[in-house]
Amino acid sequence: MYRLFTHNDLDGVACGILFRLAFGEKADIRYNSVSGLNFQVEKYFERMNERMKKEDHLYITDLSVNHEITERINRFVSEGGKANLIDHHKTALHFNDYSWGYVKVEDESGTLTSAASLVYEYLKDKGKMADNGAIDEFVELVRQYDTWDWDILQNFKAKNLNDLFYMVSIEEFEERMISRLQTGDEFEFDEFEQKLLEMEEDKIERYIRRKKREIIQMEHDGLYGGVVHAESYHSELGNELGKEFPHLDYIAILNVGGRKISFRTIHDDVDVSAVAGEFGGGGHAKASGCTINGEAYKRYIDQVFPLEPIKQDAFKNTYNLKDSQKGCLYENRDRDLFFIYKDGTRHFIKQEHDKRLGPFNDSAEAVRFLKRKYGAALARDEAYIGYLESIVYNKGFLS
Ligand SMILES: [Mn+2]
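A few points on the structure. (Residues numbered from 1 in each chain as written. Predicted model: local features only at pLDDT ≥ 70, side-chain atom pairs only at ≥ 80, totals over all residues.)

The subject of this paragraph is helix 1 (residues 10-23). Over its 14 residues, helix 1 runs 20 Å from end to end, which matches the ideal 20 Å to within 8%, given 1.5 Å per residue. Looking at the residues trailing helix 1, positive phi occurs at glycine 24, about 55 degrees. (Helix = DSSP H or I, 4+ residues; strand = E, 2+ residues; numbered from the N terminus. Expected span 1.5 Å × (residues − 1).)

Pasting the structure below:
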């Protein structure tokens, strides 16, 4: 029997699908959460008998085992058992110290790997699988989704595959994929799936639009966060809100029911694992999380609740436009006005009563400053016209 313990996300389940394609009913596949894996593998060793010892081949993919289980696998292998751990996470590189560990973060050309792409290569290498165009594309879509390369390549087919994965049960997903991967040159969604995906996309779009109106800005130790409450679509929200509000260092997505905060950033110079670490959490530089403890509650709920959402940039303007050569007007919730203008090569902000802020290297830097410091947003045309009129009358340009 081929005993596979793999992650219960798209990449992990894709490994399961490849095993099913390669070994059919001879594969026993278990999907695990990150926290559930050790317990499941331990249980497997507990029920191991002589026959399993001889005939089983244990595989762990897309996940890491703890020290105890590592020792258990070492013993199993030294007694003649067959085992392999195949993974692509940086945090698992130490498994390469063992004969049964195979961890690779990127391939020879520098392309990031995924568990499924490594497993696919492994199975083809062993002659357990013949490649076909449909599997090639499926594995590549999974890889792009798992490494977020799809976002760089703007390959929405990969994102759609992940959406579909979460819309149906794992069993149904497996069944749907296996039947179309057995033959074929291309990987395509069927009509029903396409309809489902369209509906899901509309739903996510509306959800994100609503969250754009709810997000609240906060600052701590010089880092600016955007706080939003949401139970689902955390990666989409982190990405979309991050792009919509680039002046924020990161987005904090709160799930009060689940007592969790997810942190996301689109900026290379911000490390959100450090933010989560302040509350005992962790993760990666661009995506991390923590449990809502007392301190986190104070900072992200108690202090933020009385604040108003971020003022949105006017979006129907004809005159007051970003980056306009004639300058553009910003306004905050207190109706303070800020006029960004260019003087020579540098940009300045003119505040009321003739206070001048700056200089700034470009208008983007000035806008970032205004948004962070004053919560200002692009003013509507009416405010812009009123502002111009006041200048004309007060300063007597017409006389
Ligand atoms: Mn993975």
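From this point, the narrative continues.
Here we take up the pairing of strand 4 (residues 82-87). By the criterion of burial, strand 4 is predominantly enclosed, with 5 of the 6 residues buried. As paired strands, strand 3 (residues 57-61) and strand 4 are joined by 5 bridges and run parallel to one another. Considered in strand 4, the bridge of threonine 61 is made with isoleucine 86. For the crossover from strand 3 across helix 4 (residues 67-78) to strand 4, the handedness is right-handed. Both strand 4 and strand 5 (residues 101-103) contribute to a ladder of 3 bridges, which runs parallel. Paired with aspartate 87 across the two strands is valine 103, which belongs to strand 5. (Buried ≥ 20, exposed ≤ 12 C-beta atoms within 10 Å, placed from the backbone. Pairing = 2+ DSSP bridges. Right-handed = clockwise from strand over helix to strand, strands pointing away.)

So, on to the sheet that holds strand 8 (residues 250-255). Reading across from one edge, 6-7-8-9-11-10 is the order of the 6 strands in this open sheet, with mixed pairing throughout. Strands with a single pairing partner mark the edges of an open sheet, and in this sheet they are strand 6 (216-220) and strand 10 (282-283). Note that strand 8 and strand 9 (residues 260-264) share 5 bridges and pair antiparallel. The partner of isoleucine 253 across the bridge, within strand 9, is serine 262.

Two numbers describe how helix 1 lies on helix 6 (residues 133-147): the axes approach to 9 Å, and their chain directions differ by 160 degrees. Considering the angle they form, helix 1 stands roughly antiparallel to helix 6. Helix 6 is crossed by helix 1, and the crossing has left-handed handedness. Of the residues in helix 6, those in contact with Leu10, Asp11 and Ala14 of helix 1 are Val139, Val142, Tyr145 and Asp146. Classifying every residue of the contact of helix 1 with helix 6 gives 5 nonpolar, no polar and 2 charged. (Axes fitted to C-alpha atoms, helices over the stretch in contact; angles between N-to-C directions. Parallel < 35°, antiparallel > 145°, perpendicular 65-115°, else oblique. Left-handed = near helix turned anticlockwise from the far one by under 90°. Contact = placed C-beta atoms within 7 Å. Nonpolar A, V, L, I, M, F, W, Y, C, P; charged D, E, K, R; others polar.)

The strand order across the open sheet built from 5 strands is 15-14-13-12-16, with neighbouring strands paired in antiparallel fashion. Here the strands that pair on one side only, and so sit at the sheet edges, are strand 15 (356-360) and strand 16 (377-378). With 4 bridges connecting them, strand 12 (residues 328-331) and strand 13 (residues 337-343) associate as antiparallel partners. What sits directly across from leucine 329, in strand 13, is phenylalanine 339. Packed on one face of the sheet, helix 14 (residues 363-374) meets strand 12, strand 13, strand 14 (346-351) and strand 15 and runs near 160 degrees to strand 13.

Just geometry here; none of it tells us what the structure is for.
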